[in-house]
Amino acid sequence: MAVLDSVSTGERSVADRPPPVPRRSYPKWARRAPLLPALIFLIVVTQLPFVATLVISFMKWNSLDPTNRGFAGFDNYVNVFTDPDLRSSVVNTIVLTASVVLISLVLGLGLALLLDKKFKGRGLVRTMLIAPFLVVPVAAALIWKHVLYNPEYGLFNGILNWLGFDAQPDWISSMPMSAVVLSLVWQWTPFMMLILLAGLQSKPVEPVEAARIDGASPFQIFRYLTFPHLRQYLELGALLGSIYIVQNFDAVFTITSGGLGTANLPYMIYQTFYQAHEYGEASAAGVIVVAGSIVIATFALRVVSSLFKEEAR
């Protein structure tokens, strides 16, 4: 009887309790409102100028002839691909980007494999190898132009003179495109090295140890275990490097001033806009560069998302 009374009392106490207060459900816009200032700033700084550039790319607009302005349709885009100078700049951009990315990846892979080993002073070596990537691009180009390439007091000719060679070549005039490529490789190899080193340090240890016990050689371990693991990191480095190098302006402008057949598309955009004052044609070339960068960035984001999915497994 006492148990029944306690149960009934408990039921009455539960029934007498006030209903729970529902949690306040904020709408989605309220949760995202703090991000609105950053979003508005991003739109104003990036998207509005791009829309303006896109509009100007369909116009015939030369600042030296302000009265002759109007809608040009796709004529500016046709000129970009049919003009010999602009077409050669597109080819130079492809050659420059492919050369720098491939050489930087190979060198970065070798340095990453070296730094993946434990040895005395590894931290100091890693810091010194990263340093070129931290140099301002214009300063890096000036270093290569005056400190290394200069035919009178440059380091390269100083080494040749010290070794007993009488030749004092003008490196920029004799190999202009290679001069630009070498300066960019020097600056971008540390970037590739960091990405590949991160991939090496995330590699599982158990399969490597099992392969060593089975008598696999270091080359076989690299070919069948390390390299397949690094494939996505290699793709990521190539895509990110391509995004930046395809837009490179500093090295070409500083080392060769776009001469000797080294003018790439960003330099031709600068020349078309500031020297020829062809705003419409320069805007069309800029839109092409942005479109190419977006395509490359899309692939890069897919690679990054696949890497995150693998890490989450």
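Fair warning: this is a prediction, and the values are worked out from it, not measured in the lab.

Helix and strand counts for the protein chain come out as 15 helices and 2 strands. The proportion of buried residues among the 313 residues of the protein chain is 32%. Within the protein chain, counting contacts between residues at least 6 apart in sequence, those at least 24 apart form 69% of the total. Carbon and sulfur atoms make up 68% of the accessible area of the protein chain, which amounts to about 19,600 Å² in all.

What follows is about the UniProt feature "transmembrane region" (unreviewed entry) in the protein chain. UniProt marks residues 33-59, 94-115, 127-147, 179-200, 251-270 and 282-304 with the feature "transmembrane region" (unreviewed entry), using the numbering shown here. Span residues 251-270 is 60% helix and 0% strand, its end C-alpha atoms 14 Å apart.

Another point: helix H10 (residues 176-201). If you check H10, its first and last C-alpha atoms are 38 Å apart, about what 26 residues at 1.5 Å a residue would give, namely 38 Å. Of all 26 residues that make up H10, 20 are buried, and the element is covered over most of its length.

Turning our eyes to something else, we now look at the nonpolar core. Proteins that are soluble and globular tend to have nonpolar side chains buried together. Core analysis: the biggest nonpolar cluster contains 53 residues, and Leu96, Val100, Val180 and Leu184 have the highest contact counts within it. Of all the elements in the fold, those that place two or more residues in this core are helix H4 (75-82), helix H5 (84-115), helix H7 (137-148), H10, helix H12 (218-245), helix H13 (250-256), helix H14 (265-274) and helix H15 (279-312). Looking at which element gives the most residues to this core, the answer is H10, with 14 residues.

The next subject is the side chain of threonine 272. Among the secondary structure elements, threonine 272 is positioned in helix H14. Once you skip the residues sitting within four places of it in the chain, threonine 272 turns out to touch Leu86, His277, Glu278, Glu281 and Ala282.

This part covers the packing of H7 against H10. The N-to-C vectors of H7 and H10 enclose an angle of 130 degrees; their axes lie 10 Å apart at closest approach. By the angle between their axes, H7 is oblique relative to H10. For the element pair H7 and H10, the recorded crossing hand is right-handed. Only Leu182, Ser183, Trp186 and Gln187 of H10 make contact with H7, whose side of the interface consists of Pro137, Ala140 and Trp144. For the contact of H7 with H10, the residue count by class is 5 nonpolar, 2 polar and no charged.

Parameters and conventions
- Residues numbered from 1 in each chain as written.
- Predicted model: local features only at pLDDT ≥ 70, side-chain atom pairs only at ≥ 80, totals over all residues.
- Heavy atoms only, no water.
- Helix = DSSP H or I, 4+ residues; strand = E, 2+ residues; numbered from the N terminus.
- Buried < 20%, exposed > 50% of the residue type's maximum accessible area, 1.4 Å probe, protein only.
- Contact = heavy atoms within 4.5 Å.
- Areas by Shrake-Rupley, 256 points an atom, 1.4 Å probe, with all protein chains shown as cover.
- UniProt positions renumbered as here; feature names shortened; annotations may be inferred.
- Expected span 1.5 Å × (residues − 1).
- Core = buried A, V, L, I, M, F, W, Y, C linked by side-chain atoms within 4.5 Å.
- Axes fitted to C-alpha atoms, helices over the stretch in contact; angles between N-to-C directions.
- Parallel < 35°, antiparallel > 145°, perpendicular 65-115°, else oblique.
- Left-handed = near helix turned anticlockwise from the far one by under 90°.
- Nonpolar A, V, L, I, M, F, W, Y, C, P; charged D, E, K, R; others polar.

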